[in-house]
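Analysis of the macromolecular model
Residues per chain are reported as follows:
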Amino acid sequence: MFDLLPKANRRRKPRRRLFALIPLAAVFVFSDCGLGSSAGTADSRSGVFLGLPVNCRLGDECFVQQMPDMDPGPGVVDPLCGRASYEGHDGWDIRLRSLKDIGRAAVVSIADGTVLRVRDGVADRIFDRLKDSKLLGGKECGNGVLIEHANGIVSQYCHLKQGSIAVHSGTRIGKGERLGLIGASGLAEFPHVHLSIRRDGIPFEPLTGRSLRSGAEAFGETTGGLFEPSVQSLLSNSPTAILDFGLAKTAPELPNLVRDGGPPLVKLSEPIVAWVWAINVEQGSFFRIRLLDSDGVPIVNLQTRALEGRKANYLAYVGGKNGARAGVYDLRVELFDGTRTVQSTAKSFEIGQ
Ligand SMILES: [Zn+2]
């Protein structure tokens, strides 16, 4: 229910008049843990098939930033046997890129149920560990909703947008019905919803179908999950994702990306900096950033150094030497994990006269 987290975020900036954005290639994401095909198998006791707690497109509009910590000891292991978690984290965090994206995605109920409790009235803002820790006063969840479902399952949704809660205590709610909007209230270092689940009063991880107290045998085993098969499959994908990339006049900074989204497109004659922002990037991974001008001539062709450690948020950038000339630029970004392409994406940017 608490939420400490990584650092940065971004959103689609209002497109400036000087540039058009033309998607050139789809984004490819591969499972990181060999679990991508794990089909959901209904819990034998309940037959429950839970849905996603959001109505946004995962991997495109919203992203898994962190999962529950399955290790009951001091270590950290997520349900896919990776490290997209932190000590004691008990839920799934599905994020938006930046504060500017708040309002674009709803939080919805994962199953039919009855609302037990709600809280609203907590402001949305990026939590500052140094300044804000004393101000929360037990409201780490921010604006939240607690729902009781069948078979002893209770779901909690945290960090909703202030003023967006659409239900009240006692409301009968259907699976997929809107509870509010993803926000950044309470202990949130980026806009997201934190979904935590209890079964028979015990913290429970729905992808694996395991109690969070059950220990290491849970790692990587998702066949007992409670989500519907399509959601099991979605959430079994690697959480590694390129959140955004672009061309700016200076290198962006992660806190600014989380607050404001991507910086404006570089203008004519300004120096060009190609940047890319990714989350859950594994140790040993590196980027290749290529920028071609209108004639297909490479302006930038960079391979970053392999990461020495895993990064929950990672920002890479490289500057071209000359000022931007008018034309259409092609920016291609690939993320490798050392042996294969994890993700590959490209966009065209038009810099006008
Ligand atoms: Zn969380």
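1. A short note on the environment of Val276
With respect to the secondary-structure elements, Val276 resides in strand E14 (residues 271-281). Those residues in contact with Val276 that sit more than four places away from it in its chain are Ile242, Asp244, Phe245, Phe287, Ile289, Tyr314, Leu315, Ala316 and Val333.

2. Here's the deal with the state of the cysteines
Overall, the coordinates contain two disulfides when judged by the stated rule. One disulfide bridge connects Cys56 with Cys62, the sulfur atoms lying 2.2 Å from each other. Disulfide Cys56-Cys62: torsion about the S-S bond near 105°, hence right-handed. Shown here is the disulfide that connects Cys141 with Cys158, its sulfur atoms set 2.1 Å apart. Between Cys141 and Cys158, the S-S dihedral sits near -100°, and the bridge is therefore left-handed. Residue Cys141 is located in the loop between helix H1 (129-132) and strand E6 (143-148), and its partner Cys158 is located in strand E7 (residues 153-160); the two are separated by 17 residues in the primary sequence. The two residues Cys141 and Cys158 agree in class, both being buried.

3. Quick word on the packing of aromatic side chains
Per the counting criterion, the structure on display carries two aromatic pairs. Judged by centre distance (5.2 Å) and plane angle (25°), the ring pair of Phe286 and Phe336 falls under stacked. Pair noted here: Phe286 is in strand E15 (residues 286-292) and Phe336 is in strand E18 (residues 327-336), with a separation of 50 residues, a long-range link. With centroids separated by 5.6 Å and ring planes inclined at 15°, the aromatic side chains of Phe287 and Tyr314 adopt a geometry described as stacked. On the criterion of sequence distance, the pair formed by Phe287 in strand E15 and Tyr314 in strand E17 (residues 311-323) is long-range, its members being 27 residues apart. Of the residues examined, Phe287 reaches a relative accessible area of 0% and is grouped as buried. The buried category is assigned to Tyr314, whose relative accessible area is 14%. Lys347 extends its terminal NZ or CZ atom over the ring of Phe245, reaching a point 4.5 Å from the ring centre.

4. Considering the pairing of E7
Where a strand is regular, its side chains alternate between the two sheet faces. Summarising burial for E7: seven of the eight residues are buried, a large majority. Here E6 pairs with E7 via five bridges, running antiparallel. Bridge pairing in E7 places Glu148 opposite Val154. Taking the residues between adjacent antiparallel strands as the criterion, E6 and E7 are bridged by four residues, where Asn151 takes a positive phi near 60°. Strand direction decides the pairing type here: E7 and strand E10 (residues 192-199), joined by six bridges, are antiparallel. Bridging across to E10, Gln156 finds its partner in Ser196.

5. Observations regarding the pattern of salt bridges
Counted by the stated rule, this structure contains 12 salt bridges. Put simply, Asp244 and Lys347 hold a salt bridge, and the shortest N to O gap is 3.2 Å. Placement of Asp244 in strand E13 (residues 241-248) and of Lys347 in strand E19 (residues 341-351) is noted, with a sequence separation of 103 residues between them. By relative accessible area, which is 3% here, Asp244 ends up buried.

6. Re the confidence of the model for the protein
On average, residues of the protein carry a pLDDT of 85, and 84% of them reach 70 or more. In the model, residues 1-44 has pLDDT below 50 throughout and makes 162 contacts with residues more than four positions away in sequence or in other chains.

7. Examining the environment of Leu179
Mapped onto the secondary structure, Leu179 falls in strand E9 (residues 178-181). Leu179 sits in the buried class, given a relative accessible area of 0%. Each C-alpha atom, one on Leu179 and one on Val115, is 9.6 Å from the other, the two residues being 64 residues apart in sequence. The contacts of Leu179, once residues within four sequence positions are left out, are Val107, Val108, Ser109, Val145, Ile147, Tyr157, Leu160, Ser164, Ile165, Ala166, Val167 and Ile173.

8. Brief notes about the environment of Asp124
Secondary-structure assignment places Asp124 in the loop between strand E5 (113-119) and H1. Among all residues touching Asp124, those that are not within four sequence positions of it are Leu160, Lys161, Gln162, Gly183, Ala184 and Ser185. At a separation of 2.7 Å, a polar atom in the side chain of Asp124 contacts the main-chain amide nitrogen of Gln162. A polar contact of 3.4 Å, which involves the side chain of Asp124, links it to the backbone nitrogen of Ser185.

Conventions adopted
The residue numbering used here restarts from 1 in each chain and proceeds along that chain's sequence as written. In view of the model being predicted, local features appear only for residues whose pLDDT reaches at least 70, and side-chain atom pairs are presented and counted only at 80 or more, with totals across whole chains, interfaces and linings using the full set of residues. Excluding hydrogens and water, the side-chain figures rest on all heavy atoms present in the structure. Strands here are runs of E lasting at least two residues and helices are runs of H or I lasting at least four, both read from the DSSP assignment and numbered beginning at the N terminus. Any two residues having at least one pair of non-hydrogen atoms within 4.5 Å are treated as being in contact. Counting rule for disulfides: a pair of cysteine sulfur atoms within 2.5 Å. Remark: exposure states derive from per-residue accessible area (1.4 Å probe, protein chains only) relative to the maximum for the residue type, with buried under 20%, exposed over 50%, and partly exposed in between. The aromatic pairing rule takes the rings of Phe, Tyr and Trp, using the six-membered ring of Trp, and pairs them if the centres are within 6.5 Å, calling planes under 30 degrees apart stacked, those over 60 edge-to-face and the rest tilted. Working rule: Lys NZ or Arg CZ, within 6 Å of ring centre, within 35 degrees of ring normal, means a charge sits over the ring. Following DSSP output, two strands are said to pair if at least two bridges run between them. The term salt bridge refers to a side-chain nitrogen of Lys or Arg lying within 4 Å of a carboxyl oxygen of Asp or Glu. Confidence of the prediction at every residue is given by pLDDT, a number between 0 and 100. Polar contact is the term for a pair of N or O atoms within 3.5 Å; when the atoms are in protein, one must be able to donate a hydrogen and the other to accept it, and sequence-neighboring residues count only if both atoms are side-chain atoms.

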